[in-house]
Amino acid sequence: MHLYWKRNLVILWIGVLFCSMAYSVSIPFLPIFLNTEMGVNDHLELWSGIAFGVTFLASALIAPFWGSLADKYGRKPMLIRSGFSLAVLYLICALVTDPYVFVGVRLFQGLLSGFIPAAIALVGTSSPEEKTGYALGIMATAGATGSIIGPLIGGVVSHYYGNRNAFFFSAALVLISALIATFGAREDSFKGTSTRSHVRDDIKEAIANRPLCFLLILAGLSTFSVMILEPLITVYVLEMGVDRSQASLSSGIVFSAVGIAAVLMAPRWGRIGGRTGFAHVLLIGLIGSEIGNILQFFITNFVGFGALRFGYGLFYASVMPAINAMTVEVTKPEFRGRAFSLSQSATQLATMAGPLIGGMLGSWMPIRWIFVLNGGILLLAALLLGVKGKNVFPVSAKKNVTDQDIHSAG
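Source: prediction; values computed, not measured.

### A short note on the overall build of the chain
Each helix and strand counted, the chain has 18 helices and zero strands in total. A separation of at least 24 residues holds for 87% of the contacts in the chain among residues at least 6 apart in sequence. Of the roughly 16400 Å² of accessible surface on the chain, a fraction of 67% belongs to carbon and sulfur atoms.

### Looking at the side chain of T327
Tracing the sequence through the fold places T327 in helix α15 (residues 319–329). Judged by relative accessible area, T327 falls into the buried class, the value being 2%. A polar contact of 2.8 Å, which involves the side chain of T327, links it to the backbone oxygen of I323. With sequence-adjacent residues up to four places away left out, T327 is seen in contact with L212, L215, A339 and F340.

### Section: helix α16 (residues 336–364)
Taking 1.5 Å as the rise per residue, α16 with 29 residues should run 42 Å; its terminal C-alpha atoms sit 41 Å apart, in good agreement. A large share of α16 lies buried, amounting to 23 of its 29 residues.

### Let's talk about the packing of aromatic side chains
Enumeration over the complete set of coordinates arrives at nine aromatic pairs. Considering the side-chain rings of F33 and F167, the 4.9 Å spacing of their centres and the 55 degrees angle between planes classify their relative orientation as tilted. With a gap of 134 residues between them, F33 in helix α2 (residues 30–38) and F167 in helix α8 (residues 163–184) connect regions that are remote in the sequence. Each member of the pair, F33 as well as F167, carries the same accessibility label: buried. A centroid spacing of 5.2 Å and a plane angle of 80 degrees characterise the contact between W47 and Y100, whose relative ring orientation is edge-to-face. Residue W47 is found in helix α3 (residues 44–73), and its partner Y100 is found in helix α5 (residues 99–111); the two are separated by 53 residues along the sequence. Accessibility expressed as a relative area gives 62% for Y100, which makes it exposed. One aromatic cluster is present, formed by F33, F102 and F167 through successive ring pairs.

### Focus: the pattern of salt bridges
Enumeration over the complete set of coordinates arrives at one salt bridge. In this structure, E37 and R164 form a salt bridge, with 3.3 Å as the shortest nitrogen-oxygen distance. With a gap of 127 residues between them, E37 in helix α2 and R164 in helix α8 connect regions that are remote in the sequence. When its relative accessible area of 17% is taken as the criterion, R164 is described as buried.

### Section: the nonpolar core
Among the nonpolar cores identified, the biggest contains 38 residues, and L212, L218, L282, L286, V319, I323 and L385 are the most heavily contacted of them. Leave out the neighbours within four places in its chain, and V319 touches S222, L282, G285 and L286. Core analysis: the second largest hydrophobic core is formed by 31 residues, L30, V40, A166 and V174 among them.

### Quick word on the environment of I62
Note on placement: I62 falls in helix α3. We classify I62 as partly exposed; its relative accessible area is 22%. Those residues within four positions of I62 in sequence are excluded, and the remaining contacts are G110 and L111.

### Overview of the packing of helix α1 (residues 5–26) against helix α7 (residues 132–161)
Direction vectors running N to C along α1 and α7 enclose 30 degrees, while the axes themselves pass 7 Å from each other. Put simply, α1 runs roughly parallel to α7. With respect to the hand of their crossing, α1 and α7 are arranged in right-handed fashion. Of the residues that constitute the contact of α1 with α7, the class distribution is 16 nonpolar, nine polar and no charged.

### Some remarks on the confidence of the model for the chain
On average, residues of the chain score 80 in pLDDT, and 87% of them reach the 70 mark or higher. In this model residues 394–410 is a low-confidence stretch, pLDDT under 50, and it forms 25 contacts with partners more than four residues away in sequence or in other chains.

### Quick word on the side chain of S113
With respect to the secondary-structure elements, S113 resides in the loop between α5 and α6 (115–126). On the basis of relative accessibility, which here comes to 11%, the residue S113 falls in the buried class. Among the polar contacts made by the side chain of S113, one reaches the main-chain carbonyl oxygen of G110 at a distance of 3.0 Å. Contacts of S113, omitting those with residues within four sequence positions, involve S59, W66, R81, S82, L86, Q344 and Q348.

### So, helix α13 (residues 278–295)
Note on helix geometry: an α-helix contains 3.6 residues per turn, so any two residues three or four positions apart are oriented the same way. Spanning 18 residues, α13 covers 26 Å between terminal C-alpha atoms, matching the ideal 26 Å at 1.5 Å per step. Residues F278, V281, L282, G285, L286, G288, S289, E290, G292 and N293 constitute the buried set of α13.

### Side note on the packing of α6 against α7
Packing of α6 against α7 leaves a shortest axis separation of 9 Å and a crossing angle of 155 degrees. By the angle between their axes, α6 is roughly antiparallel relative to α7. Every pair of crossing elements has a handedness; the one defined by α6 and α7 is right-handed. Of the residues in α7, those in contact with A119, I120, V123 and G124 of α6 are T132, A135, L136 and M139. Tallied by class, the residues present in the contact of α6 with α7 amount to six nonpolar, two polar and no charged.

Cut-off values and rules
Residues numbered from 1 in each chain as written. Predicted model: local features only at pLDDT ≥ 70, side-chain atom pairs only at ≥ 80, totals over all residues. Heavy atoms only, no water. Helix = DSSP H or I, 4+ residues; strand = E, 2+ residues; numbered from the N terminus. Contact = heavy atoms within 4.5 Å. Areas by Shrake-Rupley, 256 points an atom, 1.4 Å probe, with all protein chains shown as cover. Buried < 20%, exposed > 50% of the residue type's maximum accessible area, 1.4 Å probe, protein only. Polar contact = N/O pair within 3.5 Å; in protein donor to acceptor, adjacent residues only side chain to side chain. Expected span 1.5 Å × (residues − 1). Phe/Tyr/Trp six-rings, centres within 6.5 Å; stacked < 30°, edge-to-face > 60°. Salt bridge = Lys/Arg side-chain N within 4 Å of Asp/Glu carboxyl O. Core = buried A, V, L, I, M, F, W, Y, C linked by side-chain atoms within 4.5 Å. Axes fitted to C-alpha atoms, helices over the stretch in contact; angles between N-to-C directions. Parallel < 35°, antiparallel > 145°, perpendicular 65-115°, else oblique. Left-handed = near helix turned anticlockwise from the far one by under 90°. Nonpolar A, V, L, I, M, F, W, Y, C, P; charged D, E, K, R; others polar. pLDDT = per-residue confidence, 0-100.

In C-alpha cells, the structure reads:
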C-alpha cells in the first residue's frame with residue numbers, strides 16, 4: 001500500500017506548490033485589482049472582503065459533498081476535477097470587467113475548489129503511519145513555498161504587466177498542477193465505499209469523534225486569525241507610507257516573509273511532532289503565533305513589520321501540519337477523505353468570515369488594532385488546547401492514537 005508514498009509526496013508537493021503559487025500570484029492584490037481595473041473606489045475594504053470571502057463560503061458548503069465522493073471514487077479524481085476547473089476560472093477572472101461578475105466567478109471558484117485538501121488527504125492516506133507527520137510537514141512547505149514565490153512573481157507581473165496578466169499567469173500555474181496530478185499521482189490501492197455517504201451522517205460521525213471535532217474547531221480558529229488580515233495587509237503597507245506604485249511589490253515581500261519562515265520550520269516541526277507529540281507542537285505554535293501578532297501592533301515601519309511577520313511565520317508553520325497529522329491519527333482510513341473535507345469546511349468558513357470581518361473592521365478602526373484581535377484569537381485556541389486537550393486526547397504525548405482510543409474518546 002505504501003510502496004509509492006514517496007512518489008506521491010514528490011508529485012503532489014509540486015502540484016500544491018504550483019496551485020499555491022497560482023493563488024498568491026493574483027489574490028493578495030485584489031484590493032488593487034478592484035481599484036485600478038474595475039473602478040471600485042468607495043468601500044474598497046468591504047469589496048475586497050466580499051471578493052475574498054465568497055469563494056471560501058461556497059467551498060465550505062460544498063466540501064463535504066466532494067469529500068463523500070472522494071471516499072467513494074478516490075482522491076485523485078478530485079484533484080483532476082478541481083485542477084482543471086480552477087484553471088478555467090482563473091482565466092475568466094482575467095477577462096471580466098464588472099465587479100459583480102468578478103464576485104460571481106469567485107463564487108464558482110469556491111464551488112469547484114479542493115485541489116490542496118485532496119492532495120493532503122492522498123499523501124496522508126498513502127504514507128506509512130510512522131512517516132505521516134514528516135510527509136504532512138513536507139506538504140506544508142509546498143504551500144509555504146508557493147506563498148513565498150507567488151507574491152513576488154505576482155508583484156512583479158502586476159507592476160510591469162498589469163493585474164489582469166497576473167490572473168492569466170495563475171491560470172497557467174493551476175493547469176500545470178492539474179496535469180501533474182493527472183499523470184503523476186497514484187492511488188492504486190484505493191478501495192472506495194460501496195455507496196456515497198450523506199453529509200448529515202458524516203457530520204454526526206465527526207461529532208461523535210471528540211478528538212476530530214476538537215481539531216475542526218482549532219483549525220477554524222487558527223485559520224480565522226490568519227484570514228482576518230488577508231485583505232488588509234496591502235492597505236496597511238500603503239498606510240506605512242509605501243508609494244502606491246510600489247504597493248504590489250512591497251506587499252508581496254511581506255506576504256513572502258511568512259512563507260519563507262514556514263519553509264524553514266515546517267519539516268522541523270513535523271519531526272519534532274513525531275518525537276514529542278503533535279499536540280505539544282501545536283500548543284507551542286499557537287502561543288508563539290499569538291505573541292508574534294500582538295507585537296506587530298507596536299511596529300509602524302515597513303522593515304520592522306516584515307521582520308515580525310517572519311518571526312510569526314516560524315511558529316505558525318507548526319499549526320496546520322500538526323492539525324493535519326492529528327486528523328490522520330484520530331480517524332479511520334475509510335473516513336479520512338470526509339474528515340479532511342470537513343476540516344476544509346471549517347477552514348474555508350473561517351477563510352470566508354475572516355476577510356469579510358477584517359474588511360469591515362478595517363473600515364471602522366485602525367488596522368494595527370486588528371493585530372491585537374488576531375493574537376487574542378490564537379490565545380483562545382491555545383487555551384482550549386491546553387485546558388481541554390488532555391481530556392480530548394487521552395493518550396501520552398509520544399504515543400500514536402489507536403482505533404481503540406478513537407472509539408473510547410468518541
